[in-house]
Amino acid sequence: MRLRVKHLVKTVFIAALSLILYGCGKDDDHVSLKLAHGLDTGHSVHKSMVFMNERLKELSNGTMDIAIYPSGQLGSERDTMELLQIGSLAMTKVSASPMESFVPKMKVFSIPYIFRDEEHLWKVLNGKIGQELLVEGEAVRLRGLAYYDAGSRSFYTRDKPIRTPKDLEGLKIRVQKSQTSVRMVEALGGSATPISFGELYTALQQGVVDGAENNPPSFYLSKHYDVARFYTLDMHTSVPDLLLMSGHIWNKLSTEQQGWLQKAARLSVPFQRKLWKISSDAALKAVEEAGVTIIQPDKAAFQDAVKGMHDSYKGEPVYELMQQIAEIK
Ligand code: GCU
């Protein structure tokens with residue numbers, strides 16, 4: 001209960017702050033859109049949003065821009081999605097995992113081992129399934145503008161290296177605020193603790209959790225590798241990042257303004273994907289150089305362990321989606 005009150009107070013505070021900031025950025029002939037996200041300014045996603053802003057300024061002849069608030073300054077991903085829904089914040093970038101609380105079918109991305117490889121993932125994202133999922137959020141005032149590459153997620157731990165799913169037994173693993181991610185860790189034998197990204201460094205440091213899971217750039221840029229010295233490349237999920245726009249604010253833009261913004265967002269995707277590849281390899285190299293033990297486990301053991309989880313979705317709409325995804329070659 002106390003936590004709920006704290007959450008409410010925080011949301012109201014952020015909403016008030018956002019209203020002030022959003023209001024400041026808008027006058028009759030200039031539109032400044034506020035975008036908040038939780039990643040570091042060195043991250044490819046942040047750099048691509050800076051790129052998107054440049055494109056938007058050009059396309060709109062300087063009549064529109066985006067003010068970016070990085071590093072979780074305006075709250076967690078759940079907070080920013082709620083701000084979008086009430087129209088206090090124009091844009092955000094979140095992981096598809098916490099979005100499943102708003103768009104249930106998004107849970108498909110947090111189900112482990114449903115994509116064969118990166119090519120398969122992007123075929124799905126750019127195809128009918130991905131594009132339909134992107135617009136599904138419109139019903140809850142979260143309009144998807146684009147997907148960004150977030151590679152694949154793997155476990156990292158403080159004290160005990162994970163080589164097989166058995167090693168997860170008894171370990172507390174931080175997951176995103178996503179019920180499916182909780183189920184994924186439990187299916188593999190660990191015990192899952194949802195914590196927001198901004199609070200994770202301290203949680204790892206204080207031993208509130210024994211480990212977490214993420215892609216190489218986030219593991220590196222968040223400095224979690226200071227504390228978690230084992231990185232097991234089991235690549236259990238490929239959860240994309242999503243660029244979202246408040247449905248309220250989108251509807252206030254003219255058709256021309258919407259077109260500029262959508263185009264600027266689209267242009268930032270190939271830019272980000274190119275940066276992603278380079279930065280993900282560099283992050284892995286950097287953590288290895290910093291003394292982190294990189295483990296290449298036998299992925300088959302992890303895949304076998306989640307078969308029951310896959311079957312548990314039979315009869316749910318997401319199961320059909322999983323099958324459609326499997327059929328995409
Ligand atoms: C990824 C993702 C972030 C998310 C983070 C997390 O890094 O890009 O949007 O916040 O995972 O684990 O919370």
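Higher on the page you've got the structure.
Parameters at a glance
Residues numbered from 1 in each chain as written. Predicted model: local features only at pLDDT ≥ 70, side-chain atom pairs only at ≥ 80, totals over all residues. Heavy atoms only, no water. Helix = DSSP H or I, 4+ residues; strand = E, 2+ residues; numbered from the N terminus. Buried < 20%, exposed > 50% of the residue type's maximum accessible area, 1.4 Å probe, protein only. Polar contact = N/O pair within 3.5 Å; in protein donor to acceptor, adjacent residues only side chain to side chain. Contact = heavy atoms within 4.5 Å. Near = heavy atom within 4 Å. Areas by Shrake-Rupley, 256 points an atom, 1.4 Å probe, with all protein chains shown as cover. Nonpolar A, V, L, I, M, F, W, Y, C, P; charged D, E, K, R; others polar. Salt bridge = Lys/Arg side-chain N within 4 Å of Asp/Glu carboxyl O. Pairing = 2+ DSSP bridges. Axes fitted to C-alpha atoms, helices over the stretch in contact; angles between N-to-C directions.

Q: How would you explain the side chain of serine 246 if you had to name every residue and give the values?
A: Here serine 246 is to be found in strand β10 (residues 241-246). Of the residues examined, serine 246 reaches a relative accessible area of 0% and is grouped as buried. From its side chain, serine 246 meets the backbone oxygen of leucine 84 in a polar contact 2.9 Å long. Only 3.3 Å separates the side chain of serine 246 from the backbone nitrogen of histidine 248, close enough to count as a polar contact. Residue contacts for serine 246: discarding those within four places in its chain leaves Leu84, Gly87, Leu89, Ala90 and Arg141.

Q: Account for the site of the ligand, with residues named and values stated.
A: Taken together, Leu39, Glu77, Lys93, Ser95, Arg153, Arg174, Gln176, Phe197, Asn214, Asn215, Ser218 and Asp241 make up the full set of residues adjacent to the ligand. Contact between the ligand and lysine 93: an oxygen atom at 2.5 Å from a side-chain N or O atom of the residue. Within the side chain of arginine 153, an N or O atom sits 2.8 Å from an oxygen atom of the ligand. When the free accessible area of the ligand is taken as 320 Å², the share hidden by the protein chains comes to 98%. Class assignment for the residues of the shell around the ligand results in two nonpolar, five polar and five charged.

Q: Can you tell me about the pattern of salt bridges, naming the residues and giving the values?
A: In a structure, side chains of opposite charge can pair up when their charged atoms sit close to one another. Counted by the stated rule, this structure contains 14 salt bridges. The closest approach of N and O atoms between lysine 93 and glutamate 77, which form a salt bridge, is 3.7 Å. Placement of the pair is lysine 93 in strand β3 (residues 91-95) and glutamate 77 in helix α3 (residues 77-86), with a sequence separation of 16 residues. Glutamate 77 shares its class with lysine 93; the two are buried. Taking the shortest distance from any N to any O, the salt bridge between aspartate 241 and lysine 93 comes out at 3.0 Å. Of this pair, aspartate 241 sits in strand β10 while lysine 93 is found in strand β3, placing the two residues 148 residues apart along the sequence. Each member of the pair, aspartate 241 as well as lysine 93, is classed as buried. Salt bridges sharing partners connect three or more residues here, namely Glu77, Lys93 and Asp241.

Q: Can you tell me about unusual backbone geometry, naming the residues and giving the values?
A: Despite not being glycine, asparagine 61 shows a phi value in the positive range, around 55°. Position of asparagine 61 relative to the elements: it lies in the loop between α2 (44-59) and β2 (64-69). Positive phi outside glycine occurs at methionine 235, with the angle close to 50°. Positionally, methionine 235 belongs in strand β9 (residues 230-237).

Q: So what's going on with the sheet that holds β10? Which residues, and what values?
A: Strand order in this open sheet of five strands is β2-β1-β3-β10-β4, and the pairing throughout is mixed. Each of the sheet's edge strands pairs with one partner strand only, and the pair in question is β2 and β4 (142-148). The average angle at which neighbouring strand axes cross in this sheet is 25°, direction not considered. Note that β4 and β10 share six bridges and pair antiparallel. Opposite tyrosine 147, over in β10, you have leucine 242 as the bridge partner. Relative to β2, α2 is tilted by about 160°, and along the sheet it contacts β1 (31-37), β2, β3, β4 and β10. Sheet contacts for helix α6 (residues 128-136): β4 and β10; angle to β4, the most-contacted strand, approximately 140°.

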